[in-house]
Amino acid sequence: METTLQLTVDCADPQRMVAFWSEALGYVPEPPPRGHATWRAYWTAQGVLEEELPEGAGDCPESIVDPAGRGPRVWFQQVPEAKAGKNRIHFDLGVGGGRDVPLETRMRRVDAAVERLVGAGAAVVQVVDEPGGGRYAVGMRDPEGNEFDVF
C-alpha cells in the first residue's frame, strides 16, 4: 500500500494562508475535483452535511499543491480556536543553495526570500548570523503566527 503525505495547518483564515504559502513555497491553489465548481460542492456531493462545514468553507481553495507534483499537499483547515503556543512542527525553506554555495551568495538569496515573504505578510522573528560557522538563517512567522525558517 502506498503512503501519501499531506500537511494540515489549523488556521482561522484558509484563503489568507493559501495565498501566503502559495507564494512562500511556489505552490498553487488546488482546484476542486473534476465535475465540481468548488470544494464545498464536492464535499456535499460526498455526503458531508452543511452543518459540518463552517461558513465559507470550500467556497475557495483551502489547499495548495506542488505544480511539479513532488512536494506534499498542504491543507489549511479552518478551526475556531487561535494558535495557543509554539509550533511542534514547522516549515524550513531552503533557498540558499546549501553549504557548497558561498556564504555571501546564500545570505543574498535568503535576504531576497525574506523580503518577498515579509511583503506577503510574514514577520521576521530572529536572524541567525554565524559567519564563522557558515550559518545564516532567518526565523519568521506567517500571517497567523506559525513559525518557519528560511536558510
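Quick summary incoming for the structure in this document.

Parameters at a glance
- Residues numbered from 1 in each chain as written.
- Predicted model: local features only at pLDDT ≥ 70, side-chain atom pairs only at ≥ 80, totals over all residues.
- Heavy atoms only, no water.
- Helix = DSSP H or I, 4+ residues; strand = E, 2+ residues; numbered from the N terminus.
- Expected span 1.5 Å × (residues − 1).
- Buried < 20%, exposed > 50% of the residue type's maximum accessible area, 1.4 Å probe, protein only.
- Core = buried A, V, L, I, M, F, W, Y, C linked by side-chain atoms within 4.5 Å.
- Contact = heavy atoms within 4.5 Å.
- Patch = residues over 30% accessible without salt bridge, like charges linked within 9 Å, V, L, I, M, F, W, Y side chains within 5 Å.
- Areas by Shrake-Rupley, 256 points an atom, 1.4 Å probe, with all protein chains shown as cover.
- Salt bridge = Lys/Arg side-chain N within 4 Å of Asp/Glu carboxyl O.
- Arc of directions from axis to C-beta.

Taking 1.5 Å of rise per residue, 12 residues should cover 16 Å, and helix α1 (residues 14-25) covers 16 Å from first to last C-alpha, within 8% of that figure. Inspection of α1 places Pro 14, Met 17, Val 18, Phe 20, Trp 21, Ser 22 and Ala 24 among the buried residues, and these make up the whole buried set. Directly beyond the C-terminal end of α1, a positive phi value near 75° is found at Gly 26.

Grouped together as the largest cluster of nonpolar side chains are 24 residues, with contacts concentrated most on Trp 21, Phe 76, Leu 93, Leu 117, Met 140, Phe 148 and Val 150. If you list the elements that add at least two residues to this core, you get β1 (6-11), α1, β4 (73-78), β5 (91-93), α3 (103-119), β7 (135-141) and β8 (147-150). Apart from residues lying up to four places away in sequence, Met 140 is in contact with Val 114, Leu 117, Val 118, Ala 122, Ala 123, Val 124, Val 125, Asn 146, Glu 147, Phe 148 and Val 150.

Before going further, it helps to examine a nonpolar patch on the surface. On the surface, Val 118, Val 124 and Val 127 cluster together into a nonpolar patch covering about 220 Å² of accessible area. Within the element layout of this structure, Val 127 appears in strand β6 (residues 123-130). Residue class for Val 127 comes out partly exposed when judged on its relative accessible area of 47%.

Under the 1.5 Å per step criterion, the end-to-end length of α3 is 24 Å for 17 residues, consistent within 8% with the ideal 24 Å. For α3, the complete set of buried residues consists of Leu 103, Thr 105, Arg 106, Val 110, Ala 113, Val 114 and Leu 117. End-on, the buried residues of α3 take up no more than an arc of 170°, which puts them together on one face. Facing away from the buried side of α3 by more than 90 degrees, the exposed set consists of Glu 104, Arg 108, Glu 115 and Gly 119. Packed against the buried residues of α3 are α1, β5, β6, β7 and β8.

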